[in-house]
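Coordinates in review
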Amino acid sequence: MGLLSRFEGKMEDTVEGAADRMGAAPLSPVQIAKKAEKQMRREKMVGAGKQYAPTLYTVLVNADDDRRLLGYYPTLAGETETYLSAKAAESGLVMDGQPLVRFIVDDDLRHGKFDVIAEMVASPLVEQLRQEEYARYGILNQGGPARPAAPVGYGYQAPAPAPAPAPQTMDFSAPAEVGYDYDDYVADEEPRQAYIYDITNDRAFTLPGDAETIGRESKNDIVIPDINVSRVHAEIRQDESGAWILTDLGSTNGTFVNGRQIKSAALSDADRIIVGTTNLEFQLI
């Protein structure tokens, strides 16, 4: 019996069998798993002679479907994670830790419709998001990455650690308060134009010097289409000495510069910034 057939058999009574009780057909777990696998293959990356699979899978659902299926999410997510881990291993793909499948409401989707977004996300951030999922489902994490509420056997077992971490894994250790000292900053003799380059979405934003906000909402100066980015996430501005200052505005998932979480920091050319799951680069030209 193939992986998909076993997955289908496991989920048939758990979720698909709930249609009559809920008064409407729920989303198909098999279709969710198949689309997640398709996105996994589409978003894979090659590095150091290996192929790496995404570790974060966000399933966008209609608000009504979300209410109907919330109680089934722990099992559905756990089974889908196991399925994706097995398919990745079967295809020779490496995962940087255990994958996470989560469900988020998209008000633009009609009842019965869904979408899946697969993203390359550093393992520590995935585990942070996993804790948020545990809290949402009312599950007490018992210290390991596996979902404690998921069934044992094929249904859910934590996959073995990946043989090698993905390249350029960022260090998401305890937040460090990074400050800046104006005395350490030496302005260029000639003014240079500053940019924020959105690596993930291949876009560039010119920085005028005045305070510019970064966030998910359209009212921001720099709009980041990432559900992990707060509505108003951070601010970047040039101070009187000419230094460019990046400040986190109390975001949910934090702001990172060169792998370190910051509250406020002076930026240098080519500094890497992470907001949500989006990679940015500060550039001086």
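What comes next is a walk through the structure. (Residues numbered from 1 in each chain as written. Predicted model: local features only at pLDDT ≥ 70, side-chain atom pairs only at ≥ 80, totals over all residues. Heavy atoms only, no water.)

**Notes on the nonpolar core**
Generally speaking, soluble globular proteins have nonpolar side chains that are buried together. M40, Y57, V59, L84 and F103 are the most contacted members of the largest nonpolar core, which has 26 residues in total. Secondary-structure elements contributing two or more residues to this core are α3 (29-42), β3 (56-61), α5 (73-90), β4 (93-95), β5 (100-105), β6 (114-119) and α6 (123-137). At six residues, α5 tops the list of elements feeding residues into this core. Core analysis: the next-biggest nonpolar cluster, separate from the first, contains 21 residues, I214, W244, L267 and V275 among them. (Core = buried A, V, L, I, M, F, W, Y, C linked by side-chain atoms within 4.5 Å. Buried < 20%, exposed > 50% of the residue type's maximum accessible area, 1.4 Å probe, protein only. Helix = DSSP H or I, 4+ residues; strand = E, 2+ residues; numbered from the N terminus.)

**Notes on the pairing of strand β8 (residues 203-207)**
It is a general feature of regular strands that their side chains alternate between the two faces of the sheet. Where strand β7 (residues 194-198) meets β8, five bridges bridge the pair, whose relative direction is antiparallel. Each residue of the ladder has a partner; that of Y195, found in β8, is T206. Taking the residues between adjacent antiparallel strands as the criterion, β7 and β8 are bridged by four residues, where D202 takes a positive phi near 55 degrees. (Pairing = 2+ DSSP bridges.)

**Examining the pairing of β7**
Burial along β7 is one-sided: the residues A194, I196 and D198 are buried and none of Y195 and Y197 is. In terms of strand pairing, β7 meets strand β17 (residues 278-284) through five bridges, oriented antiparallel. Paired with D198 across the bridge in β17 is L280.

**What about the pattern of salt bridges?**
Applying the stated rule across the entire model yields 14 salt bridges. Of the charged contacts, one joins R231 and E217 as a salt bridge, the two residues approaching to 3.6 Å between their closest N and O atoms. In this pair, R231 is assigned in the loop between β10 (222-223) and β11 (234-238) and E217 in the loop between β9 (212-215) and β10, connecting sequence segments 14 residues apart. Overall, E217 belongs to the partly exposed group, its relative accessible area being 26%. Across the salt bridge formed by R237 and E235, the nearest N and O atoms sit 3.9 Å from each other. Residue class for R237 comes out partly exposed when judged on its relative accessible area of 26%. Taken together, the shared-partner salt bridges connect E37, R41, K87 and E90 into one network. (Salt bridge = Lys/Arg side-chain N within 4 Å of Asp/Glu carboxyl O.)

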